[in-house]
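# Analysis of the macromolecular model
Below, each chain spelled out in residue letters.
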Amino acid sequence: MIYVERRPAPPLDGWVRSIWYARAPEVGHARERVLPNGCVQAIINLDRDFTWECGEAGRTGKSPHSLVMGTRLVYEIVDSTDLAEVAGIVFAPGGFAPFAGDAVDSFSNRGIALEDVWGSCARSLRERLVWSREPAAKLCAVEQFLRERFGSRLTRNCVVDYALGRFRETACVKEVAAETGRSERYLSQVFRERVGLSPKAWCRVQRFQRAVRELHRGTDVRWAELAVECGYYDQAHFANEFRAFSGIDATTYTAGKTVWANHVAVG
């Protein structure tokens, strides 16, 4: 298996969390459960001209080879054969807006063909990646594409940026709205349009991700303490939220001993 990633140079690094490339022709299991992380991603399948759509029972159809995966509130199932050779872009929270051409919440909980978002240049990018020999060259090609096509569009929304920082500190919408001098309604709307989720939903996903990171470290788990440390009311609240986002319970997750925190083998 080959996996490489990089964070782009400024100014892209304020919008793009990472650019990555993976080649894993023999994963060893049929499907993977991908957990929600609060980020928009672009996925480009370099091995074939389609991507399998999957459910709990198996394959259900085919999708385009290149997709924009919006922010999600629930896990998705992917076919592991789609991981034979893949490149991707993970946008930072609030970072996809200049690349979207639409409100980011229109992508939420959906996979949309990359060509429908970026037009024919998305196809040209994929062709360039297919023909690039070295993984590092593929990453450079993606970064160059983003810089050349979208560099002039990279503008921030100071209200959303401030809210993202404060929500990481567990501030509520009412507090942040008062601090920015905006109404709660305005804050919720602009946050949803730029990030893809409502403030409340985004905070739920971030709390879930804190728990995932702690569990993935593999240290001894004291469930009640973990629940409180991650911001849950109690252990029952933690258990219910974890299953709602992942489709499995936390003990099943820890037993899986996954390589990647947000990918869990299915079956």
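Here, the structure is the one placed above.
For the structure given in this document, a descriptive report is provided here. On a predicted model such as this, the values are computed, not experimentally measured, just so you know.

Reading guide: rules and limits
- Residues numbered from 1 in each chain as written.
- Predicted model: local features only at pLDDT ≥ 70, side-chain atom pairs only at ≥ 80, totals over all residues.
- Heavy atoms only, no water.
- Buried < 20%, exposed > 50% of the residue type's maximum accessible area, 1.4 Å probe, protein only.
- Helix = DSSP H or I, 4+ residues; strand = E, 2+ residues; numbered from the N terminus.
- Pairing = 2+ DSSP bridges.
- Axes fitted to C-alpha atoms, helices over the stretch in contact; angles between N-to-C directions.
- Parallel < 35°, antiparallel > 145°, perpendicular 65-115°, else oblique.
- Left-handed = near helix turned anticlockwise from the far one by under 90°.
- Contact = heavy atoms within 4.5 Å.
- Phe/Tyr/Trp six-rings, centres within 6.5 Å; stacked < 30°, edge-to-face > 60°.
- Salt bridge = Lys/Arg side-chain N within 4 Å of Asp/Glu carboxyl O.
- Patch = residues over 30% accessible without salt bridge, like charges linked within 9 Å, V, L, I, M, F, W, Y side chains within 5 Å.
- Areas by Shrake-Rupley, 256 points an atom, 1.4 Å probe, with all protein chains shown as cover.
- Expected span 1.5 Å × (residues − 1).
- Arc of directions from axis to C-beta.
- Core = buried A, V, L, I, M, F, W, Y, C linked by side-chain atoms within 4.5 Å.

## A word on the pairing of strand β4 (residues 41-45)
Among the five residues of β4, four are classified as buried, and the element is accordingly described as predominantly covered. The pairing of β4 with strand β7 (residues 66-69) spans four bridges and is classified as antiparallel. What sits directly across from Gln41, in β7, is Met69.

## Thoughts on the pairing of strand β8 (residues 76-79)
Of the two faces of β8, the one lined by Glu76 and Val78 and the one lined by Ile77 and Asp79 are each fully buried. In this sheet, β8 lies alongside strand β3 (residues 31-34) in antiparallel orientation, the contact comprising four bridges. Residue pairing for β8: Arg31 is matched across the bridge by Asp79.

## Some remarks on the packing of helix α5 (residues 158-168) against helix α8 (residues 199-216)
At a minimum axis separation of 10 Å, α5 and α8 run at an interaxial angle of 45 degrees. In this view, α5 runs oblique relative to α8, as classed from their interaxial angle. Taken as a pair, α5 and α8 cross one another with a handedness that is right-handed. On α8, the residues that touch Leu164, Phe167 and Arg168 of α5 are Pro199, Trp202 and Cys203.

## A look at the packing of aromatic side chains
In this structure the tally under the stated criterion is 18 aromatic pairs. Ring plane angle 50 degrees and centroid distance 5.0 Å describe the contact between Phe91 and Phe99, whose orientation is recorded as tilted. Note on Phe208 and Phe245: the rings are 5.1 Å apart at their centroids and 35 degrees apart in plane angle, and the pair reads as tilted. One end of the pair, Phe208, is in helix α8; the other, Phe245, is in helix α10 (residues 235-246), with 37 residues separating them in the sequence. Members of the aromatic cluster, joined through ring pairs, are Phe91, Phe96, Phe99, Phe107, Trp118, Phe145 and Phe150.

## Brief notes about the pattern of salt bridges
Applying the stated rule across the entire model yields 16 salt bridges. We note a salt bridge from Asp249 to Arg243, for which the minimum N-O separation is 3.4 Å. For Asp249, a relative accessible area of 28% translates into the label partly exposed. Using a relative accessible area of 42% as the deciding quantity, one classes Arg243 as partly exposed. Look at the salt bridges and you will find they share partners, linking Arg6, Glu143 and Arg147 into a network.

## Focus on a nonpolar patch on the surface
Judged by side-chain polarity, Met1, Tyr3, Val259 and Trp260 come together as a nonpolar surface patch covering roughly 440 Å² of accessible area. Mapped onto the fold, Tyr3 is located in strand β1 (residues 2-6).

## Focus on the sheet that holds β4
The sheet built from six strands is open, its strands ordered β1-β2-β9-β4-β7-β10 with antiparallel pairing. The open sheet has two free edges, formed respectively by β1 and β10 (111-113), since each of these has just one partner strand. Ignoring which end each strand starts from, the neighbouring axes of this sheet average 20 degrees apart. Taken together, the five bridges between β1 and strand β2 (residues 16-23) define a ladder with antiparallel strand orientation. Its bridge partner lying in β2, Arg6 is registered against Ile19. Against the sheet, helix α3 (residues 120-131) touches β4, β7 and β9 (86-91), its axis set at about 55 degrees to β4. Running at roughly 145 degrees to β2, helix α4 (residues 135-150) makes contact with β1, β2 and β9 of the sheet.

## Concerning α10
With 12 residues, α10 should cover 16 Å at 1.5 Å per step; its first-to-last C-alpha distance of 16 Å lies within 8% of that length. Taken together, the buried positions of α10 are His237, Phe238, Glu241, Phe242, Phe245 and Ser246. Seen from one end, α10 has its buried residues packed into an arc of 135 degrees, which puts them on one side. In this structure, the buried residues of α10 make contact with β3, α8, α9 (223-229) and α11 (250-256).

## A short note on the nonpolar core
Among the nonpolar cores identified, the biggest contains 38 residues, and Phe167, Leu187, Phe191, Phe238, Phe242 and Tyr253 are the most heavily contacted of them. No other element matches the seven residues that α8 contributes to this core. Ignoring sequence-local partners within four residues, the contact set of Phe238 consists of Ala211, Leu215, Trp223, Leu226, Ala227, Tyr232 and Ala250. Core analysis: the second largest hydrophobic core is formed by 34 residues, Ala42, Ile44, Phe99 and Phe107 among them.

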